[in-house]
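# A closer look at the structure
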Amino acid sequence: MELPKFILGDNTDYPDAIYIIHTEFPRFILNLEDDEVEWMEEFDEHDEKEIASETENLIQLATDFYDREIERYNA
């Protein structure tokens, strides 16, 4: 099965939270309520340096995806 790069999610147990799931490496879940990131990968020291530099870009892509989805829902 091929998954989209980003998936929008919510949960009624957390009514104020909206989640963006990034399905490609490095996989993570971003909570837009508080901008908390939960990484779904284990990183070694080399990966951590690379991920640190890429994190800002990945979060921007995730929030751009969210904005695009909301625009489509409102259209």
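Scroll up to find the structure this text is about.
In this text, all values refer to a predicted model and were calculated from it rather than measured experimentally. (Residues numbered from 1 in each chain as written. Predicted model: local features only at pLDDT ≥ 70, side-chain atom pairs only at ≥ 80, totals over all residues. Heavy atoms only, no water.)

### As for the overall build of the protein
So the rule is basically this: Think of it this way: any DSSP run of H or I at least four residues long counts as a helix, any run of E at least two long counts as a strand, and we number them from the N terminus. Each residue's exposure class comes from its accessible area (1.4 Å probe, protein chains only) as a fraction of the maximum for that residue type: buried when under 20%, exposed when over 50%, partly exposed otherwise.
A count of helical and extended segments in the protein gives one helix and four strands. In the protein, the succession of helices and strands from N to C terminus is β-β-β-β-α. Referenced to the eigenvectors of the C-alpha coordinate spread, the extents of the protein come out at roughly 45 × 25 × 25 Å. Counting the 75 residues in the protein, one finds 24% classified as buried.

### A word on the pairing of strand β2 (residues 19–22)
Here is the rule we go by: In this scheme, strands are said to pair when DSSP sees at least two bridges between them.
Bridge count between strand β1 (residues 6–9) and β2: four bridges; the pairing is antiparallel. Pairing of Ile-7 across the sheet is with Ile-21, part of β2. Examined bridge by bridge, β2 and strand β3 (residues 28–31) share four bridges and lie antiparallel to one another. Directly across from Ile-20, in β3, lies its bridge partner Leu-30. The hairpin turn running from β2 into β3, its antiparallel successor, is five residues long.

### Regarding the packing of aromatic side chains
Put simply, the test is: Two rings from Phe, Tyr or Trp (for Trp, the six-membered ring) form a pair when their centres are within 6.5 Å of each other. A pair whose planes differ by under 30 degrees is stacked, one over 60 is edge-to-face, and the rest are tilted.
On inspection of all chains with the given rule, the structure shows four aromatic pairs. A ring pair is formed by Phe-6 and Phe-65, whose centres lie 5.5 Å apart and whose planes are at 25°; its orientation type is stacked. Of this pair, Phe-6 sits in strand β1 while Phe-65 sits in helix α1 (residues 45–74); the two residues are 59 residues apart in sequence, bridging distant segments of the chain. For the pair shown, Phe-6 and Phe-65 are each scored as buried. The interplanar angle of 70° and the centroid separation of 6.3 Å between the aromatic rings of Phe-25 and Phe-43 together place this pair among those described as edge-to-face. With Phe-25 in the loop between β2 and β3 and Phe-43 in the loop between β4 (36–39) and α1, the pair connects residues that are 18 residues apart, well separated along the chain.

### Structural notes on the pairing of β3
Pairing between β3 and β4: four bridges, direction antiparallel. When the sheet's bridge partners are listed, Leu-30 is paired in β4 with Val-37. Connecting β3 to the next strand, β4, in antiparallel fashion are four residues, including Asp-35 with a positive phi near 60°.

### Observations concerning unusual backbone geometry
A cis geometry characterises the amide bond from Phe-25 onward to Pro-26, with omega recorded as -5°. Mapping Pro-26 onto the fold places it in the loop between β2 and β3. In this structure, Asp-35 takes a positive phi of about 60° despite not being glycine. As for its position among the elements, Asp-35 is in the loop between β3 and β4.

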